[in-house]
Amino acid sequence: MTGSKAQTDTDQSLQRQDLDQNSVDFFAQAGAFDSFPGAALLVGNNGITLAANVTGELIASLLRANGLPVLREAIRSALNGSTGQVNPLVLPKEGKGSSPARAFDVLVMPWAEGATALLLGREITLERGLRAALVESRQRFKDLVDLAAEFAWECDLKGRFTFLSRDSVLGYPADDLIGREAQSLALKERHGGSLPFIARAECRDREVWMKTSDGDGVCLAVTAVPLYNEDQGQIGTRGLCRDVTALRQHEAKEADARYLERLLNYVLQMVRDQLDPRGMLKAAADALQLAVGARGVAVYRLEPAVAFKIQSRAGEAFPAPLEQQFLAEIGGGEVLEVQNAQGSALVQMTRSHGKDNGLLCLWRYEGDEPWRDEERELINVVALEVATAIEQLIRQEALERLSETDPLTGLLNRRGFGSQLEARLERVGQKCGGALIYIDLDDFKQVNDSVGHKVGDELLTKTAKLLQDQVREGDLAGRLGGDEFALFLDGIGRGSVIARTEALQAAWASEVQSADLGAKIGSLSIGIALIDGETRESARSLIERGDQAMYRVKHSGKDGYALSLAASCVEERA
């Protein structure tokens, strides 16, 4: 090591001798390079520093330690006559502190006719730090913009994009949007005026709907500020856009859910306030029509013959073609939407205990709004209530039939006959006429006494069968008690009812009286109460008139009939 150092010192001494005095004086105290603001060095062969100012000693010490290979290469080039530059020359950090490594722009040029190289270094440590800080600041700003917004933008006074922060915006390449008016991307059905891309004053989070390259709608929250030149004249607008589509869709879903809940509570409350299943079905139809704004609502009941019958209705009646279409297309347990020139129908099959029992149907005109998802969901839930109400109605009617039906003959009993007759008179009215035939079996007690009640029951069932054969749609047949029966014939006149009565007597004589029942069978005493189209009469009054006319026949010898004309009770004996 000692020999090597001695050789280096010798080389340095010889190289110094080759320099002229002026070169050395430049680095002497108060010399030209002594006050040089950067690093100044004279370097000879093998990177030997021949002279250096104070700052240059930082570089010289590294050269002596065989460091800075890039600089050594530039020195060799200078010794060969070529000027070079090392930019930047970054010196290793001293210690483990937080201060930045010092850096220089170093000019390396031949000196003293190529005998040595002159190195002049301008320190750029601060400049380099500021540049790094600026780059970091710009990157930080870009990162924050990217995190806070979908994209940043600038527009000119006509609202044309002049800058976009991302390579792709709304699915379009950014280059394709530069020069294009932002207004051209707006969804016109959602906006009527200008957009904030031409803002004359600062605005924050103004929501606009724009269309993507795929044609989808995107909701952007736009914050914008005007841009001014040095003369305070506006030259454009810049701002940020945040994509709030997912947020608005979530809010819309929540709003729809709240709306659906309110509608559902309203409809269910209306339905459940009713104790009678018929009232429940009517309430369901009324409430649904108001809740969804349907033109009409209908509840159909599935009859045993696999036919749908209207049970309850609200609003306008279904157009016949529309009704025929969905009744023909509906299948088990499904939801059906049908549409034609008359309108659009939403049909939900109702099910109870795994079996279809009816339909819940709504309809609108062709030009009305389409059915929304929350309306479909509402109908689906209400259909469960409707299915339960239909099932309750079926059971209730079964109980009513039991309570209104004579168990021996299957005819209506007195209560059932009177109730249905009253409903018939109330619904149809009495203008169309009609007649009540009151029938009594003469000497029936003797049959029971002579051959027993079994034969008597057989006689009653045969008579009931004969009456059932006389019943048309709209007519009623009943056993009012004991051996007394009644027929109500709807829309029949005097001549026809007399003919029907005489035919009944003949049939009874032929089929019943001649039957081998082991006993002598009597005859029929019949009272006929004709309806007066001008006088409103109750079912009770009509039955009483028929009963009175029948007793007049009995008192006159039995086996015949008598007419009762309205309240005057004018009789005709036959």
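An account of the accompanying structure is given in this report. (Residues numbered from 1 in each chain as written. Predicted model: local features only at pLDDT ≥ 70, side-chain atom pairs only at ≥ 80, totals over all residues. Heavy atoms only, no water.)

### Topic: the sheet that holds strand β6 (residues 151-156)
Point 1. Strand order in the open sheet formed by 5 strands is β7-β6-β12-β11-β10, with antiparallel pairing between adjacent strands. Of all the strands in the sheet, just β7 (161-164) and β10 (203-211) have a single pairing partner and so form its edges. Taking the axes of each pair of neighbouring strands and ignoring which way they run, one obtains an average angle of 30° across the sheet.
Point 2. In the packing of helix α7 (residues 245-272) onto the sheet, the strands contacted are β10, β11 (217-228) and β12 (234-243), and the crossing angle to β11 comes to about 130°. (Pairing = 2+ DSSP bridges. Helix = DSSP H or I, 4+ residues; strand = E, 2+ residues; numbered from the N terminus. Axes fitted to C-alpha atoms, helices over the stretch in contact; angles between N-to-C directions. Contact = heavy atoms within 4.5 Å.)

### Things to note about a nonpolar patch on the surface
Point 1. A cluster of nonpolar side chains, Y266, M270 and L290, forms an exposed patch at the surface whose accessible area comes to about 280 Å².
Point 2. The residue M270 is located in helix α7 in this model. (Patch = residues over 30% accessible without salt bridge, like charges linked within 9 Å, V, L, I, M, F, W, Y side chains within 5 Å. Areas by Shrake-Rupley, 256 points an atom, 1.4 Å probe, with all protein chains shown as cover. Salt bridge = Lys/Arg side-chain N within 4 Å of Asp/Glu carboxyl O.)

### Digging into unusual backbone geometry
Point 1. For the bond from N87 to P88, the omega torsion is 0°, close enough to zero to count as cis.
Point 2. Secondary-structure assignment places P88 in strand β3 (residues 84-90).
Point 3. In the Ramachandran plot, N66 falls in the positive-phi region, its phi being about 60° despite a non-glycine side chain.
Point 4. In this structure N66 comes out as exposed when scored by relative accessible area, which is 62%.
Point 5. Positive phi, close to 55°, is recorded for L68, a residue that is not glycine.
Point 6. Tracing the backbone shows L68 in the loop between α3 (56-64) and α4 (69-79).
Point 7. By relative accessible area, L68 is classed as buried at 12%. (Buried < 20%, exposed > 50% of the residue type's maximum accessible area, 1.4 Å probe, protein only.)

### Describing the side chain of D440
Point 1. Here D440 is to be found in strand β18 (residues 434-441).
Point 2. A distance of 2.4 Å separates the side chain of D440 from the side chain of K554, its partner in a polar contact.
Point 3. Apart from the residues within four sequence positions on either side, D440 is in contact with D483, E484, S523, L524, S525, M550 and K554. (Polar contact = N/O pair within 3.5 Å; in protein donor to acceptor, adjacent residues only side chain to side chain.)

### Observations concerning the environment of Y228
Point 1. For Y228, the position within the fold is in strand β11.
Point 2. Leave out the neighbours within four places in its chain, and Y228 touches R200, G233, Q234 and I235.

### Some words on the packing of helix α12 (residues 444-451) against helix α13 (residues 453-468)
Helix-helix packing is characterised by the crossing angle of the two axes and by the distance between the axes.
Point 1. Direction vectors running N to C along α12 and α13 enclose 140°, while the axes themselves pass 7 Å from each other. As summarised for this structure, α12 and α13 are arranged oblique, according to the angle between their axes. Residues F444, V447, N448 and V451 of α12 form the contact with α13, whose own contacting residues are H453, V455, G456, L459 and L460.
Point 2. Here the residues of the contact of α12 with α13 sort into 6 nonpolar, 3 polar and no charged. (Parallel < 35°, antiparallel > 145°, perpendicular 65-115°, else oblique. Nonpolar A, V, L, I, M, F, W, Y, C, P; charged D, E, K, R; others polar.)

### Some details on the pattern of salt bridges
Point 1. This model, assessed by the stated rule, comprises 35 salt bridges.
Point 2. Residue R351 is joined to D356 by a salt bridge in which the shortest nitrogen-to-oxygen separation is 2.5 Å.
Point 3. Here D356 falls in the partly exposed class, since its relative accessible area comes to 24%.
Point 4. Ionic pairing is found between D443 and K558, a salt bridge with its closest N-O pair at 2.7 Å. A residue pair is termed long-range when its members are at least 10 positions apart, and D443 in the loop between β18 and α12 and K558 in the loop between α15 (539-555) and β22 (560-565) qualify at 115 residues.
Point 5. On the basis of relative accessibility, which here comes to 29%, the residue K558 falls in the partly exposed class.
Point 6. Three or more residues joined by partner-sharing salt bridges are found here, namely R278, R301, E303, E397 and E400.

### Things to note about the sheet that holds strand β15 (residues 335-340)
Picture the strands of a sheet paired through backbone hydrogen bonds; they go either parallel or antiparallel.
Point 1. Taken together, the 5 strands give an open sheet; going across it, the order is β14-β13-β17-β16-β15, and neighbouring strands pair in antiparallel fashion. The open sheet terminates on both sides in strands that have one partner only, identified here as β14 (307-315) and β15. With direction set aside, neighbouring strand axes in the sheet form an average angle of 20°.
Point 2. Strands β13 (296-303), β14, β15, β16 (343-352) and β17 (355-364) of the sheet are contacted by helix α9 (residues 320-329), whose axis makes an angle of about 145° with β15.

Honestly, that's just the spatial picture; any functional story needs more than this.
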